[in-house]
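Results of the structural survey
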Amino acid sequence: MGKNFENTNLNSNQNDEIIENNYLVGNYCSDCYMEIPLRGYHCKICGYCVGTFDHHCVYVNNCIGEKNKYLFHLFIIFHSFLICFCDVYLIFHFDYAQKSKDFFRKNWLLIIILLISILLFSFIFSLVTFQFQILIINQTTYENYAWHKINYMKKLSGTQNSPFNLGFFNNIKVVYCRKKFLKMKRDDIWNFKDMIDWKLICNIK
């Protein structure tokens, strides 16, 4: 199967060519027959490599990555507002004219739907909060939960010290204004070779 960063073997002969044209040297995918770009990952479910891999979403049955992350954000935000609207609609359609002893008997179905809706909103709102927490530091879901497994990140201390952090506003622009960000090409945006001591991170002597 595709090889991730955890299995990447680096040696002292590579030195400054650890990162070459924003590809981690030696990180070759035997399934897709290509070098996986930095922050990329081969999804075993979809069967192909995804640039700036975030996660595989079972709800949309697709991988979330560099080109569709903003759509995923809009998707979960829209559902959050939709559930809020449904909750308000249900509350206003309770039969309040009934006496207290008859209230639950008359509105039991609406109450059950409201409770389920509140649980769904709690889940989606937590997801929205988490996605924006990692958005502002330019981190992916995969990098967040597999920090200690990724070869080029596990030497860093703490999941908040993302080496890809470009600043609050630039991190947002990378996702939502990807094509127009600083009018740069993708390789210019992700030119991290001069920003990080990759030899230290990858434990190269």
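The rules we used
- Residues numbered from 1 in each chain as written.
- Predicted model: local features only at pLDDT ≥ 70, side-chain atom pairs only at ≥ 80, totals over all residues.
- Heavy atoms only, no water.
- Helix = DSSP H or I, 4+ residues; strand = E, 2+ residues; numbered from the N terminus.
- Buried < 20%, exposed > 50% of the residue type's maximum accessible area, 1.4 Å probe, protein only.
- Contact = heavy atoms within 4.5 Å.
- Areas by Shrake-Rupley, 256 points an atom, 1.4 Å probe, with all protein chains shown as cover.
- Polar contact = N/O pair within 3.5 Å; in protein donor to acceptor, adjacent residues only side chain to side chain.
- Arc of directions from axis to C-beta.
- Patch = residues over 30% accessible without salt bridge, like charges linked within 9 Å, V, L, I, M, F, W, Y side chains within 5 Å.
- Salt bridge = Lys/Arg side-chain N within 4 Å of Asp/Glu carboxyl O.
- pLDDT = per-residue confidence, 0-100.

This paragraph deals with the overall build of the chain. A tally of helices and strands in the chain yields six helices and seven strands. The linear arrangement of helices and strands in the chain, starting from the amino end, is β-β-β-β-β-β-β-α-α-α-α-α-α. Classification of the 205 residues of the chain by burial places 40% in the buried group. Look at the contacts in the chain between residues 6 or more apart in sequence, and 49% of them connect residues 24 or more apart. Carbon and sulfur atoms make up 61% of the accessible area of the chain, which amounts to about 12600 Å² in all.

The next point concerns the side chain of Thr52. Within the secondary structure, Thr52 sits in the loop between β5 (48-50) and β6 (55-57). Within polar-contact distance, the side chain of Thr52 engages the side chain of Glu66 at 2.9 Å.

A few words now on the environment of Gln131. Structurally, Gln131 can be placed in helix α2 (residues 100-135). On the accessibility criterion, Gln131 (1% relative accessible area) is buried. With 58 residues separating them along the chain, Gln131 and His73 place their C-alpha atoms 7.7 Å apart. With residues near it in sequence (within four places) discarded, Gln131 still touches Asp54, His55, Lys69, Phe72, His73, Ile76 and Thr141. Within polar-contact distance, the side chain of Gln131 engages the side chain of His73 at 3.2 Å. At 3.2 Å, the side chain of Gln131 forms a polar contact with the side chain of Thr141.

On the secondary structure map, Phe130 appears in helix α2. Phe130 sits 11 residues away from Thr141 along the chain, and the two C-alpha atoms are 8.9 Å apart. The contacts of Phe130, once residues within four sequence positions are left out, are Thr141 and Asn144.

So, on to helix α4 (residues 168-176). Listing the buried residues of α4 in full gives Asn171, Val174 and Val175. One side of α4 holds all its buried residues, which, seen down the axis, span an arc of 90°.

Right, let's talk about unusual backbone geometry for a bit. Look at Arg39: it is not a glycine, yet its phi comes out positive at around 75°. Exposure remark for Arg39: the relative accessible area of 4% places this residue in the buried category.

This paragraph deals with a nonpolar patch on the surface. Residues Trp108, Leu109, Ile112, Ile113, Ile116 and Leu120 make up a contiguous nonpolar surface patch of about 580 Å² in total accessible area. Judged by relative accessible area, which is 48%, Ile116 ranks as partly exposed.

A few words now on the environment of Gly65. One can find Gly65 in the loop between β7 (62-64) and α1 (69-92). The sequence separation of Gly65 and Tyr41 amounts to 24 residues, and the corresponding C-alpha distance is 9.5 Å. Excluding its chain neighbours within four sequence positions, the residues that come into contact with Gly65 are Val50, Gly51, Thr52, Phe53 and Asp54.

Once that is clear, we can look at the confidence of the model for the chain. Averaged over every residue, the pLDDT of the chain is 75; the share at 70 or more is 69%. Across residues 1-17 the pLDDT falls below 50, and counting only partners more than four positions away or on other chains, this stretch makes 44 contacts in the model. The low-confidence segment residues 184-205, where pLDDT is below 50, has 53 contacts with residues more than four positions distant or belonging to other chains.

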